[in-house]
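# A look at the structure
Each chain, written out:
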Amino acid sequence: MSEVIVITSGKGGVGKTTTTANLGVGLAKRGNKVVLIDTDTGLRNLDLLLGLENRIMYDLVDVVTGRVPYKKALVRHKKYETLFLLPTSQIRDKNSINGQQLIDVCNEMRGKFDYILIDCPAGIEQGFKTAIAAADYAIVVTMPEVAAVRDADKIIGELNRADKSHIKLIVNRIRSHMVDAGDMMDMEDINDILAIDCIGQVPDDELVVISTNRGDPVISNKKSLAGQAYNNIVGRICGEQIPFLNFRKKTLFDKIKQILHV
């Protein structure tokens, strides 16, 4: 039976769509059959991150309005044969799809895919309510900044009100030198505010930007710390016990201490 996971955030720009793309690729690389559903109607970007923007013929609105069956709207990934995208429309608005319609689409897909990942629009408006309706559980993506964490807390409250109690957290774009300097929130601060299980801590990494521009998610780049972090998140989703990466850069003082075994 499929797991339907919605990836959401309160604040825009925290890396929610990037996270969706990377988790989808990571799950597919493990042999799972995966479909990613973009529900950010009017502002779709998931196709760009996967390098599939030129292969779209039909979209989610076409499916829910009965114009085409969902199989006809699916776009298979060029590199990963078990990864599919169900894109949404760029010309319609978020009111074009409601929660029951998305539930119906996901129910039709259940049993045919191992994982159904829903890329949710930022905020708590109609698009958010539609995206979370079909989900078995939610992953909230945030950044270690006060505004982003406050908005994540709001999203968690909305998920609870919608009877979505199975909620996980990914903290994205962590800059360890700023955390050490006290200029960015640390994980203890974030955990105190949000109080949900964290399954991912992803460092800020310029390779993410490069991979995004190329339409090739960074999880495939073995040189990327962010890619390693996403791979570890995929392992945790699959039930593995994996420690968090220590991506704090060692200072000269740290290296001297290590040499002297202090």
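Residues numbered from 1 in each chain as written. Predicted model: local features only at pLDDT ≥ 70, side-chain atom pairs only at ≥ 80, totals over all residues. Heavy atoms only, no water.

An unreviewed UniProt entry lists the protein under the name Septum site-determining protein MinD, with Pectinatus cerevisiiphilus given as the organism. Here is the UniProt Function (unreviewed entry) comment for the protein, exactly as written: "ATPase required for the correct placement of the division site. Cell division inhibitors MinC and MinD act in concert to form an inhibitor capable of blocking formation of the polar Z ring septums. Rapidly oscillates between the poles of the cell to destabilize FtsZ filaments that have formed before they mature into polar Z rings." (UniProt positions renumbered as here; feature names shortened; annotations may be inferred.)

### A word on the nonpolar core
Note on soluble globular proteins: their nonpolar side chains tend to be buried together. Within the largest apolar cluster, 46 residues are counted, with the highest numbers of intra-cluster contacts made by Ile 37, Leu 86, Met 109 and Ile 118. Here the element with the most residues in this core is helix H7 (residues 146-161); it accounts for five residues. Apart from residues lying up to four places away in sequence, Ile 37 is in contact with Leu 60, Leu 86, Leu 102, Cys 106, Met 109, Ile 116, Leu 117, Ile 118 and Asp 119. With 38 residues, the next largest nonpolar core counts Ile 7, Val 34, Tyr 80 and Tyr 230 among its residues. (Core = buried A, V, L, I, M, F, W, Y, C linked by side-chain atoms within 4.5 Å. Buried < 20%, exposed > 50% of the residue type's maximum accessible area, 1.4 Å probe, protein only. Helix = DSSP H or I, 4+ residues; strand = E, 2+ residues; numbered from the N terminus. Contact = heavy atoms within 4.5 Å.)

### Some points on the UniProt feature "domain: AAA" (unreviewed entry) in the protein
Following the UniProt record, the feature "domain: AAA" (unreviewed entry) maps to residues 3-165 here. Along residues 3-165 one finds 38% helix and 17% strand; the C-alpha atoms at either end are 15 Å apart.

### Description of the packing of aromatic side chains
Counted by the stated rule, this structure contains one aromatic pair. The ring of Phe 113 has Lys 33 lying over it, and the distance from NZ or CZ to the ring centre is 5.1 Å. (Phe/Tyr/Trp six-rings, centres within 6.5 Å; stacked < 30°, edge-to-face > 60°. Lys NZ or Arg CZ within 6 Å of the ring centre and 35° of its normal.)

### Here's the deal with the UniProt feature "binding site: ATP" (unreviewed entry) in the protein
Under the local residue numbering, the UniProt record ascribes the feature "binding site: ATP" (unreviewed entry) to Lys 11, Gly 12, Gly 13, Val 14, Gly 15, Lys 16, Thr 17 and Thr 18. The subset of the named residues that lines the largest pocket consists of Lys 11, Gly 12, Gly 13, Val 14, Gly 15, Lys 16, Thr 17 and Thr 18. With respect to the element layout, Lys 11 can be found in the loop between strand E1 (3-8) and helix H1 (16-29). Look at Lys 11 and you get partly exposed, because its relative accessible area is 30%. The residues touching Lys 11, leaving out its near neighbours within four places in the chain, are Ala 122, Ala 147, Ala 148 and Asp 151. For Gly 12, the location among the structural elements is in the loop between E1 and H1. Residue class for Gly 12 comes out partly exposed when judged on its relative accessible area of 43%. (1 Å grid on protein atoms, 1.4 Å probe; cavity = no way out; pocket = protein on both sides within 12 Å on 5 of 7 lines; lining within 4 Å.)

### Observations concerning the layout of surface pockets
A volume near 570 Å³ is recorded for the largest pocket. As for the largest pocket, its lining consists of 33 residues, of which Gly 13, Val 14, Gly 15, Lys 16 and Thr 18 are closest to the centre. Put simply, the parts of the chain that give the lining of the largest pocket at least two residues each are H1, helix H2 (46-49), helix H6 (126-133), strand E7 (167-174), strand E8 (197-203) and helix H10 (206-214). Per-class residue counts for the lining of the largest pocket are 12 nonpolar, 10 polar and 11 charged. (Points joined across faces, edges and corners; volume = space filled by probe spheres on them. Nonpolar A, V, L, I, M, F, W, Y, C, P; charged D, E, K, R; others polar.)

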